[in-house]
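Residue-level structure breakdown
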Number of protein chains: 4
Amino acid sequence: MNITFIGLGVMGYPMAGHLAKRDGFEVTVYNRTASKARQWTSDYPGAMDESIAGAVSNADVVITCVGADPDLRSLFRGDGGIIANTPEGALLLDHTTASATVTRELAEAASSRNLHWVDAPVSGGQQGAQNGQLTIMCGGDKASFERAQPVLDCYGKVSHYMGEVGSGQLTKMVNQITVAGLLEGLAEGIHFAEQAGLDTGAVIGAISGGAAQSWQMDNRAGTMIAGEYNHGFAVDWMRKDLAICLSEARDRGATLPAAALIDQFYGDVQAQGGGGWDTSSLLERLRNRSR
Amino acid sequence: MNITFIGLGVMGYPMAGHLAKRDGFEVTVYNRTASKARQWTSDYPGAMDESIAGAVSNADVVITCVGADPDLRSLFRGDGGIIANTPEGALLLDHTTASATVTRELAEAASSRNLHWVDAPVSGGQQGAQNGQLTIMCGGDKASFERAQPVLDCYGKVSHYMGEVGSGQLTKMVNQITVAGLLEGLAEGIHFAEQAGLDTGAVIGAISGGAAQSWQMDNRAGTMIAGEYNHGFAVDWMRKDLAICLSEARDRGATLPAAALIDQFYGDVQAQGGGGWDTSSLLERLRNRSR
Amino acid sequence: MNITFIGLGVMGYPMAGHLAKRDGFEVTVYNRTASKARQWTSDYPGAMDESIAGAVSNADVVITCVGADPDLRSLFRGDGGIIANTPEGALLLDHTTASATVTRELAEAASSRNLHWVDAPVSGGQQGAQNGQLTIMCGGDKASFERAQPVLDCYGKVSHYMGEVGSGQLTKMVNQITVAGLLEGLAEGIHFAEQAGLDTGAVIGAISGGAAQSWQMDNRAGTMIAGEYNHGFAVDWMRKDLAICLSEARDRGATLPAAALIDQFYGDVQAQGGGGWDTSSLLERLRNRSR
Amino acid sequence: MNITFIGLGVMGYPMAGHLAKRDGFEVTVYNRTASKARQWTSDYPGAMDESIAGAVSNADVVITCVGADPDLRSLFRGDGGIIANTPEGALLLDHTTASATVTRELAEAASSRNLHWVDAPVSGGQQGAQNGQLTIMCGGDKASFERAQPVLDCYGKVSHYMGEVGSGQLTKMVNQITVAGLLEGLAEGIHFAEQAGLDTGAVIGAISGGAAQSWQMDNRAGTMIAGEYNHGFAVDWMRKDLAICLSEARDRGATLPAAALIDQFYGDVQAQGGGGWDTSSLLERLRNRSR
Ligand SMILES: NC(=O)C1=CN([C@@H]2O[C@H](COP(=O)(O)OP(=O)(O)OC[C@H]3O[C@@H](n4cnc5c(N)ncnc54)[C@H](OP(=O)(O)O)[C@@H]3O)[C@@H](O)[C@H]2O)C=CC1
Ligand SMILES: NC(=O)C1=CN([C@@H]2O[C@H](COP(=O)(O)OP(=O)(O)OC[C@H]3O[C@@H](n4cnc5c(N)ncnc54)[C@H](OP(=O)(O)O)[C@@H]3O)[C@@H](O)[C@H]2O)C=CC1
Ligand SMILES: NC(=O)C1=CN([C@@H]2O[C@H](COP(=O)(O)OP(=O)(O)OC[C@H]3O[C@@H](n4cnc5c(N)ncnc54)[C@H](OP(=O)(O)O)[C@@H]3O)[C@@H](O)[C@H]2O)C=CC1
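Remember, it's a predicted structure, so these values are computed and weren't measured experimentally.

Let us look at the environment of Asn 175 of chain D. Residue position: Asn 175 of chain D is located in helix H9 (residues 167-195). Spatially, the C-alpha atom of Asn 175 of chain D lies 34 Å from that of Ala 53 of chain D, the residues being 122 residues apart in sequence. In contact with Asn 175 of chain D, other than residues within four places in its own chain, are Ile 207 and Ala 212 of chain C together with Ser 123 of chain D.

It is worth spelling out the relation of the copies chain D and chain C at this point. What connects the two chain copies is a rotation about an axis and a shift along it. Of the transformation placing chain D onto chain C, the axial shift is 0.0 Å and the rotation is 180°, giving an RMSD of 0.0 Å. Taken together, the turn and the small shift mark the pair as related by a two-fold rotation axis. Counting the interface residues of chain D, we find that 100% of their copies in chain C are interface residues as well, pointing to one common contact surface.

A word on the site of ligand 3. All names here are of chain D. Of all residues adjacent to ligand 3, which total 24 residues, the nearest are Asn 31, Thr 33, Lys 36, Gly 67 and Lys 240. In the environment of ligand 3, an oxygen atom lies 3.0 Å from a nitrogen or oxygen atom belonging to the side chain of Arg 32. Interatomic distance of 3.1 Å between a backbone N/O atom of Val 66 and an oxygen atom of ligand 3. For ligand 3, the accessible surface in isolation is 900 Å², of which the surrounding protein chains cover 87%. Counting residues per element, the shell around ligand 3 draws most heavily on helix H4 (residues 69-76), at 3 residues. Taken together, the residues that form the shell around ligand 3 break down as 9 nonpolar, 10 polar and 5 charged. Both of domain 1 (2-163) and domain 2 (170-288) provide at least three residues apiece to the shell around ligand 3.

Residues given the UniProt feature "domain: 6-phosphogluconate dehydrogenase NADP-binding" (unreviewed entry) here are residues 2-163 of chain A. For residues 2-163 of chain A, the end-to-end C-alpha separation is 26 Å, with 41% helix and 25% strand making up the annotated structure.

Quick look at the relation of the copies chain B and chain A now. Of the two same-sequence chains, chain B is brought onto chain A (RMSD 0.1 Å, axial shift 0.0 Å) by a rotation of 180°. Here 100% of the interface residues in chain B have copies in chain A that are interface residues too; the copies meet face to matching face.

Between chain B and chain A, the residue contacts involve 57 residues of the former and 57 residues of the latter. Summed over both sides, the interface between chain B and chain A buries roughly 4500 Å², with carbon and sulfur atoms accounting for 68% of that surface. There are 0 salt bridges connecting chain B and chain A. In this structure, the connection of chain B to chain A is made through 19 residue pairs in polar contact (both at pLDDT 80 or more). Every element with two or more residues in the side of chain B that touches chain A is listed here: strand E8 (134-139), strand E9 (156-163), helix H9 (167-195), helix H10 (200-207), helix H11 (215-225), helix H12 (235-252), helix H13 (257-271) and helix H14 (282-288) of chain B. The class makeup of the residues in the side of chain B that touches chain A is 31 nonpolar, 19 polar and 7 charged.

What follows is about H9 of chain B. The end-to-end C-alpha separation of H9 of chain B is 42 Å, in line with the 42 Å expected for 29 residues at 1.5 Å each. The buried fraction of H9 of chain B is high, at 27 of 29 residues.

All names here are of chain A. Of note, the phi angle at Asn 114 is positive, near 60°, even though the residue is not glycine. Along the chain, Asn 114 falls in the loop between helix H6 (100-111) and strand E6 (116-119). For Asn 114, a relative accessible area of 39% gives the class partly exposed.

Our focus in this paragraph is the site of ligand 2. Residues and elements named next belong to chain B. Lining the immediate surroundings of ligand 2 are 24 residues, of which Asn 31, Thr 33, Lys 36, Gly 67 and Lys 240 lie closest. Note that an oxygen atom of ligand 2 is positioned 2.6 Å from one of the side-chain N or O atoms of Asn 31. Thr 97 is positioned such that a nitrogen or oxygen atom in its backbone is 3.0 Å from an oxygen atom of ligand 2. Isolated, ligand 2 exposes 910 Å² of accessible area, and the fraction of that covered by the protein chains is 87%. Contributing elements (two or more residues each) for the shell around ligand 2: helix H4 (69-76), helix H7 (125-131) and H12. Among the residues making up the shell around ligand 2, the classes are represented as 9 nonpolar, 10 polar and 5 charged. Of the residues that make up the shell around ligand 2, three or more belong to each of domain 1 (2-164) and domain 2 (170-288).

In this section: the interface of chain D and chain C. Interfaces are frequently sized by the accessible area removed from exposure as the parts join. In this assembly, 57 residues from chain D lie in contact with 57 residues from chain C. Summed over the shared surface of chain D and chain C, the number is 0 salt bridges. Between the two partners, chain D and chain C, sit 21 residue pairs in polar contact (both at pLDDT 80 or more). Broken down by element, the residue count for the side of chain D that touches chain C peaks at 20 residues, all from H9 of chain D. Split by residue class, the side of chain D that touches chain C holds 31 nonpolar, 19 polar and 7 charged.

This brings us to the UniProt feature "active site" (unreviewed entry) in chain A. In this structure's numbering, the residues bearing the UniProt feature "active site" (unreviewed entry) are Lys 172 of chain A. Position of Lys 172 of chain A relative to the elements: it lies in helix H9 (residues 167-195).

Thresholds, definitions, all that
Residues numbered from 1 in each chain as written. Chains lettered and ligands numbered in written order. Predicted model: local features only at pLDDT ≥ 70, side-chain atom pairs only at ≥ 80, totals over all residues. Heavy atoms only, no water. Helix = DSSP H or I, 4+ residues; strand = E, 2+ residues; numbered from the N terminus. Contact = heavy atoms within 4.5 Å. Least-squares fit on C-alpha atoms with pLDDT ≥ 70 in both. Near = heavy atom within 4 Å. Polar contact = N/O pair within 3.5 Å; in protein donor to acceptor, adjacent residues only side chain to side chain. Areas by Shrake-Rupley, 256 points an atom, 1.4 Å probe, with all protein chains shown as cover. Nonpolar A, V, L, I, M, F, W, Y, C, P; charged D, E, K, R; others polar. Domains from an automatic or database assignment. UniProt positions renumbered as here; feature names shortened; annotations may be inferred. Buried area = accessible area lost by both parts, 1.4 Å probe. Salt bridge = Lys/Arg side-chain N within 4 Å of Asp/Glu carboxyl O. Expected span 1.5 Å × (residues − 1). Buried < 20%, exposed > 50% of the residue type's maximum accessible area, 1.4 Å probe, protein only.

Here you go:
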C-alpha cells in the first residue's frame, strides 16, 4: 500500500516513521521545509518528494498532520493541492487538530473526486507519537474508518470511531475543554497551597487518592511545583484549540464560560513569554502576579 | 479510652458507629437533636448524653463533626461548651470542614485549658464514612496526631499529617478548589458534546484514557449524562466550603478566579433548586439555560 | 458627486436616505434582496441597480454597510465585485463593524486599483441612523478621511479620525469591550437589588449621580427593570462583535477576561431565545436562573 | 443638639468638621488613636473624649464612620460600648460601609435600649467628604431618617431614603457591584487600545459621547492612561466591600459572576503592591502581565 505522509513536525515525524517500519507500507513523505523530509529519509526507510502533487500522485492513503485550519485549506485546495492530485478512490486521513467546519468543507470538496475523508486528531503528545501510543478519535463513514485502521494501529494505542465526518474533531474538542478546567483547578489548588505555606507535594500526596484525582495531578503536579513546563502540549497550540472550541460552541449553541476565561489566562501566559511552555503553566501565571 | 462523639449527621453517625464497635473504646454520643442520638444507641453499643457538658465530662478524646464555623464556635465556647467542660489534657479531634481561622482560634482557646487540638477534615463522602474508607487530612502537633491515629484508623483508609493546627483544613481546601475547576471543565465538555450531537458516553470512553482523565470522569460522567445528582457531596455544602476557601485565599494573598466563578455557578444551581444535588450538577446548570 | 450605497438594512436604509436628500449627491443603491432597494427608491430620490457591478460603475464614493467579515469578502472580491468594477481613484467607505484583519486585507486589495479605503464603523444604533446622529470612528489615510467628511456629515453627529486603515474598527472594538463590562456590572447590580427586595428604581435613582453612573444606567436601567429589551443593538450582533474583539485581542497580545466571559453569557441569552433582544438583556439571564 | 462623632479617618475627619461649623451642633469626637482627635480639636470648634462611654454619654446623635463589620461590633457591643452608654432615645447614624447582617444585628440590639438606627453609607470619596458633597443612602424607619436629615445636610449633596434598616447598606452594595463591572470593562477597553497601538486618549474621546460613556470614563480614563491611581477609593476597601456584596448575594440567592471574578482581579492588584491604589488600577493588572 502506498502511503503519503505530509507534515513532519513534532508529531508527524515519528508517526510517519512508525509507518515506514511496517511491512507492506511504502511511505513517501512531503514537508514544506524540505530539509526535514531529507533528514527523515535518512532516519527511516522511505522516499520523499518536493512537491505535494508529486508526493500524492500514487497514493492509496494520504495522511496530513500540520498546524491549523488555514494550513489545511492551503494544502488541500488549488491546482497543486492534495484534492486535485490524489488518485480517485484514495483515503485522506487527517491528524491535524482542526475545526469541524474546515473538516466538513474539505471532506465535501474531496468527495467530488471520490476521495474518502477520516478526521483523526490525536492525544498523547510527543511521547505518545514516539512510542506509538496515541489515542485517536475518528470521524468519517464507518467503511473509511475501517480502511484506516491498519494505518492507525501503527502509532495508536487505541482508535475510536465517533461518527460522521467532523466527529473526531468534536471529540478532541471535548478533551481540550475538559483539560482546561481541570488544569486551572489544579493550578489554583497548588497556588493556594503555596500561599498558605503548606508542603505542596505532601498536599498533592494527601488528596490524590480521592475526588480530586486526575491524570494531570498524577503526571504534572510534581513538575508544576518544580516550575518545569517542558512536558508536553504547548500553550500556543492550546490557544489555537480553544479558539476552535469556542467558535464551534458558538455555532452549536453551547456556552463554555470556564474555557473562555481560561483561554484568556493562557493569553496571560503567552504575555509572560510562556507560549512554548506546556499547558500546566497556568500555575506560573498565578505565581507571576506578584513579581 | 473514653470517646465522646458530637454531631451524628450523615458523616458522624456511621463514624461514631465504627468507633463503638472497636474493643477498648467507650463511646458516648451527643447530638443537638437528641432523637438521633437515641436512635444511634439502639444501632450501636454506646451511651448518649443530652448535654454537651455531661457528654464530655469524662472524655479522653472529644470528636466533633458538625456543620460550619458558627456551629463550632457555639459548641466549643461558653460555660456549657466543650472547652469549659472537657477534662484537662484531653484530645479534641474535629472532623468538620471549617476555616483555618476558626480552627486556630478555638485551638488556642483550648490550649489554655491544656486541651490538644487536631483538625481532621475528611474526604470520601457518605460512602467513605459508612465503609470506614475516609481520607483524613490532619493539622496539629505531631504528638497529638499520633495520639489520634488509633481513633482515625477506625474509619480512615489513610490519615495524612499536614503540619501545625489548621493545616488539615487548608489541605481540604486545596482539594475543594481543585475539584471545582475539574468538575466545571467536565461539565462544559459534556455540555459541548451534547450540543454537538455526539454520543456523549462514547466521547467519555474515548478520552478517559488520557490527559482528561479524572476520578470525577471515571465515577461521575455516567451519572451526569443520566442527569442523576444524588451521588455525594451536596452543592449547599460545597458553597460553604468554597466560601471558606475564598475567604482564606483573601487572607493569604492567593487569587482563585475559577473557583470564585464556579462558586457563583453553584449559586445558579441552588437557584434551580439543586442545593441538595451533588457537586457534579454544574452540568444541569448548562442544560437549564434554554429551558 | 455619484454615491453608491450597498446594504439597506436597519442602519443603511436611513443612512442612504440622508445622503439622497443632500443637494449635489446622486445616490444609487444596491441591496442583495432587491425588493428593499425598490422600496427605498419610492421613499427617497435616488436610483437602484440590481447588480453590484452596475451600481458602482460610475461611483465617486462606494459606501458599504453589511453584516460581517464574510459578507465583505463576498461583496468586494471577485469579477463582479466592488473592487473590480469601481472606477479607479474612487473612495470606498465601509460602515460595517468588521475585523481589522479583513479591513486591511480588502484595503490592500483595493489599493492595487487605486481605490482608497476608509473604515468607518458607527455607534448610536438604529435611532442614531434615523436621526443622523451617529458617532463615526474612521481609519484610513488622512486625505481620504477628509474626502469622506461631507458624506459622513449627512448622518453623523461627529466623525473621529483614528489613524491608519483598521483604526476605525479597532476603536469600535474598544467601545464594545467597554460596554460589555459595563452592562454586566449594571445587570448584576439590578439583579442583586431585586433579590434583596429593594425598590430597584429608587436604587438606580440614588446611585446614578455618582461613580456608578453611565449612559447605560441613564438610558437602559429603566427598561431593564421593566424587562423590555427591544431598545437597540441585538445580542446576535454583539456576539459577532465580541468574537471579532477576542480574535483581534489574541493577535495583539491583549487579554480580555471579562469580555470573554460576558460573551459566553450572551450565549446563554441566545439559548433563552434572546438573540434578538438588545444587549442590556444580560439581566434576563440572571433572572432566568430560577425558572 | 449634642452630636458625637466616632472615627476620624479619611472620611470621618472632614465630615465631623462640617458638623462642628454648623450653628446649634455641639460636636464631641472620639478616635481610637487619640492623637487624631486632639488634632481635630485644634482644626475645628469641638470637644474630644478619650473613652467611648464618655463621648456618647450626653449625645442626642451618635455618628460612626469606621472600617468594617468587626470594628462596628467592637464599638457598639460590651459594657464600654456605644449601645450600653448612649442615652435612651438617641439616634445612631452609621456611615461605615458594612454588611446588612451586622447592621440589622446591631440595630436590633440598640432598639432594646430604645436607640434608633439609621445606616447611611456614603459615596463620593474623600473629595466628597471634604467638599460636603457626599451621596448618602439611608436605611431605617422613616421618622429616624427625617431626624437625621439636618445632620446629613451638613456634608451630603443628597440623601436618599431606601427603606428599612439595612437598605442603605444594600443600596451601597448595588453601587459597588455596578462599579466593579464598569471599571473592568473600561480597563479591558484601554488595555486593548494600548495593545492595538491606538492613540488611547483619542479613542476615549471618540467613544465617550455614546453607549460606552460613564462617570468613570469621564473622570478616570485619563488618569488610568497616565498610570495614576491615587484618585480615590482604595483597592483594599473595595475588596472588603465586594466580600460583603458576595456574602450578601449568597444569602439572598443572587449570583454575581463578574463581581466575583473582578474581586479576584483586585486580589492580583494587591499582590502587585496596589492595595492602596484606587479602584481604577484594574488596568495596571493587565499591563503587568508581561513584566
Ligand atoms: N505537539 C503535541 O503535543 C500535539 C499536537 N497535536 C496537533 O497536531 C498537529 C501538529 O502538531 P505538531 O507536530 O506539534 O506541530 P509542528 O509545528 O511541530 O509541525 C507542523 C508541521 O506542519 C507543517 N505545516 C504547517 N503549516 C503548513 C502549511 N501551511 N503548509 C505545509 N506544511 C505546513 C510544518 O511544516 P514546516 O516544517 O515547513 O514548518 C510541520 O511539518 C497540530 O494540529 C497540533 O495541534 C495534537 C496532539 C498533541
Ligand atoms: N456529607 C459529605 O459527603 C461530607 C461532609 N463533610 C463535612 O462534614 C461535616 C458534617 O457533614 P454532614 O454529616 O454531611 O452534615 P449533616 O447536616 O448531615 O449533620 C450535621 C451534624 O452537625 C450537627 N450540628 C450542626 N450544627 C450544630 C450546632 N450549632 N450545634 C450542635 N450540633 C450541630 C447536626 O445536629 P442536628 O442533628 O441537631 O441537626 C448534625 O448532627 C460538614 O462540615 C461537611 O462539610 C466532609 C466530607 C464529605
Ligand atoms: N475613603 C473613601 O473614599 C470612602 C470610604 N468609605 C467607607 O467609609 C468608612 C471609613 O473609611 P475611611 O475614613 O477611608 O477609613 P480610614 O481607615 O481612613 O479611617 C478609619 C477610622 O475608623 C477608626 N476605626 C477603625 N476600626 C476601629 C475600631 N475597631 N475601633 C475604633 N475605631 C476604629 C480608625 O481609627 P484609628 O485612627 O485609630 O485607626 C479611623 O478613625 C469605611 O467603611 C469605608 O469603606 C465609603 C466611601 C468612600
